[in-house]
Amino acid sequence: MVQSSILGFPRMGVNRDLKKATEAFWAGKIPKEELLSEGKRLRLEHWQLQKKAGVDIIPSNDFAFYDQVLDHIHLFGVVPERYSKYNLSDLDEYFAMGRGLQRPEKDGEPAVDVPSLEMVKWFDSNYHYVKPTLQDNQTFKLSGTAKPVTEFKEAKDAGILTRPVLLGPVSFLALAKADRGQSVDPISLLDKLLPLYEDVLMQLKDAGAESVQIDEPVLVFDLPTKVKNAFQPAYEKIGALGSKAPKIVLATYFGDIVHNIGVLDSLKGLYAIHVDLVRNPEQLDTVLGALGPEQTLSAGVVDGRNIWKTNFQRAIETVETIVQKLGKDRVIVSSSSSLLHTPHTLASEKKLDPEVKDWFSFAVEKADELVIIAKAVSEGPAAVRSALEANAKSMQARASSARTNDPKVKDRQAKVTEDMHKRASPFPTRIAQQQKRLNLPKFPTTTIGSFPQTKEIRIQRNKFVKNEITAEEYEKFIEKEIQDVVRIQEELDLDVFVHGEPERNDMVQYFGERLNGYEFTTHAWVQSYGSRCVRPPIIVGDISRPAPMSVKESKYAASISKKPMKGMLTGPITCLRWSFPRDDVHQSVQAQQLALALRDEVVDLEAAGIYVIQVDEPALREGLPLRAGKERERYLQWAVNSFRLSTAGVEDGTQIHSHFCYSEFQDFFYAIAALDADVLSIENSKSDAKLLKVFVDEAYPRHIGPGVYDIHSPRVPSEQEIKDRIQEMLQYLKPDQLWIDPDCGLKTRQWSETKAALTNMVNAAKYFRSKY
Ligand SMILES: CN1c2c(nc(N)[nH]c2=O)NC[C@@H]1CNc1ccc(C(=O)N[C@@H](CCC(=O)N[C@@H](CCC(=O)N[C@@H](CCC(=O)O)C(=O)O)C(=O)O)C(=O)O)cc1
Ligand SMILES: N[C@@H](CCS)C(=O)O
Ligand SMILES: [Zn+2]
């Protein structure tokens, strides 16, 4: 029989219950025991709903209070001394690594002041993981109660036999880095780490696990030889455990593994291989050809990254092809990746137009889809006839809907010219005119856009959404917020102001709600990092801008401000990547539509007297195909063109900024340079300033503001820390080039932390101003 499986389930819960409990715990409003029991309740609820749907293979250890990679850091005792020295409780140490910890001395307990570990993008998704950080003398030690074993037993006690998920040893090390000042090559630690995997696998077997999912997603990358060669010894060792360990399903996702297919030779002893056939269906033949004679294929045919209903006919055809080759008992039908990247359930969406709702499928619905596909192949289509018919009808309705097609948008796209991507003059001419207009000091200070989104802001917005206050009342409230933000920036003596983005629920969702072609949801939250979630809007049709989206707020802010006001927009690629995109039109087409809509907005801002305009593109790097080559070049071409199309409509004297966070910018530096933005602000505070060398090597001529402090943590950086950081930067950047700003927007911070940190930042900038 063909079995159905899920690689991982969203953990927030139907009402973002985990977020609420975690934040309540951090705020000291609930004790640790309550947080732990909420976690337990959610795990059980999610296992039960998958079981009820009829899913054969249900994951465990896919739950994490903060991040699944951080769970492994904790599991293997990869805790840098700057955390372990405080002898914190397990949970406090775990959260300290995730989000930093700063607390005064209390009841004889010493004061704690430690920043978080680095957080980076999980492959090309909008999820972020905590990067394992290794020492030259790194040792590994299994934490007393191994979480994968505890959670497996927890499910078993509830009558559900799960398949525990582990991040594989090669991926764990390949995704790690040497700590600051250390030079260890992570993969060289494989031999030291493997015994811990062997131990966990044996414990899981003893506890009754029949199979374990080991994720090795790095197989979709172009791997350095050392990493590629690590698979053989790693899995020979694990394979040598034989019946002392559960059967191993090795999972890859978010790409194809054809370029690493040779690695499968060394994995033939494993029970099964999982591949992502949504992203790369064309890899199927190669993978089938490389499987061992008894190996099972786990076929990822239900999209773990998007919300479109699965096309049953197509998925069933794919699975049947595999069955013909391998037989029913050697095929598992699966989600393409963990469903972590999809919202919990469509059932919560009460306001969606039924026409489009019929096109969507969230995690709970995807569980049903997997069961239907497996049944259709196992028992024949007649067993699920009505589901197949309903699905075919939905597919047909979407394909023929008038909502997806806007001739006016197509017409405008056909008229886009090369010149529309170019500013009028080169940078030296532009910056001279901008400086005349803006008259900024050396080391100009600014922020990235958002100021704290307080509880009060969210409450007022919620009231407005529910029609409990009028549009005028809400507008007045937002104006008052803008006034406060402007006044505070005056007090802080920043140089380029922002309006603070109080009117925005999210930097992408806000624009999605104002553009034609988009649908948005009320409960479709997806975890972005830690307790933070996003509600990506859904692109269903051709995109256009019916009216200005941000001009009113920026113009108002400028009217009450004595300093230059920066207009704030989200760039076309970020709007695309952080939405659920269409799967019926190429992404480059959607990006160009977004770019044209934003171009109109940029020009309108300029006409309203806003002469500094920031177009954020933090997701530019995320969209980069995971492997080097032609596909990457093609992406960069259309992505860079989209940014340029959106910004090049302004005069020379208008300063275009762009912002990047969560990106390792070195490997796509030339694309950032090609954007031709006058000023770049980039997240950098957690990285080694040495990385800025790329700006020197490439003789980058324009202005740059590498973030001087981390905004993800409530911790306030001292003035000295910021000065040290700037001093380091000056080894690589010219004083005339350097802007001083935080890593990213401040929306997740409290006001007290924000003011304290920015005071230190402005003082540090003034110190260098007086020195140069
Ligand atoms: C910069 N980042 C972003 C990414 N992706 C985005 N789409 N947006 C981003 O800003 N990716 C990379 C980074 C890091 N990621 C994030 C992601 C999320 C946040 C964040 O702060 N999220 C908020 C939710 C923001 C939001 O949409 N708020 C809405 C709704 C608020 C709400 O919960 N309302 C309540 C009722 C009101 C109340 O009583 O509080 C409800 O609906 O129940 C809004 O403001 O209106 C989060 O809280 O997780 C930051 C960085
Ligand atoms: N302008 C946005 C950028 C976030 S990446 C903000 O400040 O929140
Ligand atoms: Zn940012």
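What counts and how
- Residues numbered from 1 in each chain as written.
- Chains lettered and ligands numbered in written order.
- Predicted model: local features only at pLDDT ≥ 70, side-chain atom pairs only at ≥ 80, totals over all residues.
- Heavy atoms only, no water.
- Salt bridge = Lys/Arg side-chain N within 4 Å of Asp/Glu carboxyl O.
- Helix = DSSP H or I, 4+ residues; strand = E, 2+ residues; numbered from the N terminus.
- Buried < 20%, exposed > 50% of the residue type's maximum accessible area, 1.4 Å probe, protein only.
- Core = buried A, V, L, I, M, F, W, Y, C linked by side-chain atoms within 4.5 Å.
- Contact = heavy atoms within 4.5 Å.
- Near = heavy atom within 4 Å.
- Polar contact = N/O pair within 3.5 Å; in protein donor to acceptor, adjacent residues only side chain to side chain.
- Areas by Shrake-Rupley, 256 points an atom, 1.4 Å probe, with all protein chains shown as cover.
- Nonpolar A, V, L, I, M, F, W, Y, C, P; charged D, E, K, R; others polar.
- Pairing = 2+ DSSP bridges.
- Axes fitted to C-alpha atoms, helices over the stretch in contact; angles between N-to-C directions.
- Left-handed = near helix turned anticlockwise from the far one by under 90°.
- Donors = N, O, S within 2.8 Å, 3.2 Å for Na, K, Ca; no water.
- Tetrahedral: all angles 85-135°; square planar, octahedral: opposite > 155°, others 65-115°.

Asker: Any chance you could explain the pattern of salt bridges here in plain terms?
Answerer: Pairs can form between side chains of opposite charge whenever their charged atoms are close. Counted under the stated rule, the structure contains 55 salt bridges. Across the salt bridge formed by Lys-480 and Asp-484, the nearest N and O atoms sit 3.1 Å from each other. Of the two residues, Lys-480 and Asp-484 both sit in helix 18 (residues 471-492), four residues apart, roughly one turn of that helix. For Lys-480, a relative accessible area of 43% gives the class partly exposed.

Asker: Sorry if this is basic, but what is going on with the nonpolar core here?
Answerer: As a rule of thumb, soluble globular proteins bury nonpolar side chains together. Membership of the largest hydrophobic core comes to 137 residues, with the highest contact counts inside it found for Phe-76, Trp-122 and Tyr-235. If you tally residues by element for this core, the top one is helix 13 (residues 363-379), at 10 residues. Those residues in contact with Phe-76 that sit more than four places away from it in its chain are Phe-140, Lys-141, Leu-142, Phe-172, Leu-193, Leu-196 and Tyr-197. Among the nonpolar cores identified, the runner-up in size contains 88 residues, and Tyr-556, Leu-624, Ala-639 and Ala-671 belong to it.

Asker: Is there a simple way to think about the site of ligand 1 in this case?
Answerer: Taken together, 24 residues lie near ligand 1, and Lys-19, Asn-126, Arg-461, Asp-506 and Lys-747 sit nearest. Within the side chain of Lys-19, an N or O atom sits 2.6 Å from an oxygen atom of ligand 1. Taking Arg-458, its side chain carries an N or O atom lying 3.0 Å from an oxygen atom of ligand 1. For ligand 1, whose accessible area on its own is 990 Å², the fraction buried by protein is 87%.

Asker: Explanation requested: the site of ligand 2 in the structure shown.
Answerer: In the vicinity of ligand 2, 13 residues are found, and the nearest of them are Ile-448, Ser-450, Glu-501, Asp-616 and Gly-745. Between ligand 2 and Glu-501 there is a distance of 2.8 Å, counted from a nitrogen atom to a side-chain nitrogen or oxygen. Contact with the protein chains removes 98% of the 270 Å² of surface that ligand 2 exposes when unbound. Residues belonging to the shell around ligand 2 are distributed by class as follows: six nonpolar, four polar and three charged.

Asker: Looking at this structure, how should I read the sheet that holds strand 1 (residues 3-5)?
Answerer: The pairing of strands in a sheet happens through backbone hydrogen bonds and is either parallel or antiparallel. An order of 1-14-13-12-11-10-8-2 is seen for the eight strands of this open sheet, with the pairing classed as parallel. Every interior strand has two partners, whereas the edge strands, strand 1 and strand 2 (59-60), have only one. Two elements, strand 12 (residues 272-276) and strand 13 (residues 296-302), share five bridges in a ladder whose sense is parallel. Residue Ala-272 lies in a different strand from strand 13, and its bridge partner there is Thr-296. This element, helix 11 (residues 312-326), spans strand 13 and strand 14 (331-335) of the sheet and lies at about 175° to strand 13.

Asker: Can you help me understand the packing of helix 8 (residues 190-207) against helix 9 (residues 225-239) in this one?
Answerer: Between helix 8 and helix 9, the least distance of the axes is 10 Å, while the angle of their chain directions is 35°. As helix 8 packs across helix 9, the resulting crossing turns out to be right-handed. For the pair helix 8 and helix 9, the contacting residues are Leu-190, Asp-191, Leu-194, Glu-198 and Leu-201 in the first and Ala-230, Pro-233, Ala-234, Lys-237 and Ile-238 in the second. Its residues assigned to classes, the contact of helix 8 with helix 9 comprises seven nonpolar, no polar and three charged.

Asker: Got a minute to help me understand the coordination of the zinc ion (ligand 3) in this structure?
Answerer: The textbook angles at a metal center are 109.5 degrees for a tetrahedron of four donors and 90 or 180 degrees for an octahedron of six. Within the first shell, the zinc ion (ligand 3) binds the protein through His-659 (NE2), Cys-661 (SG) and Cys-744 (SG), at distances of 2.1 to 2.3 Å. Relative to the metal, the four donor atoms surrounding the zinc ion (ligand 3) lie at angles of 100 to 122°, and the coordination shape comes out tetrahedral. Summarised as a motif, the one-chain spacing of the donors to the zinc ion (ligand 3) is H-x1-C-x82-C. On the criterion of sequence distance, the pair formed by His-659 in strand 21 (residues 655-660) and Cys-744 in the loop between helix 26 (719-729) and helix 27 (751-771) is long-range, its members being 85 residues apart. For the pair His-659 and Cys-744, a shared accessibility class is recorded, and that class is buried.

Any functional reading would require information beyond the geometric quantities listed.
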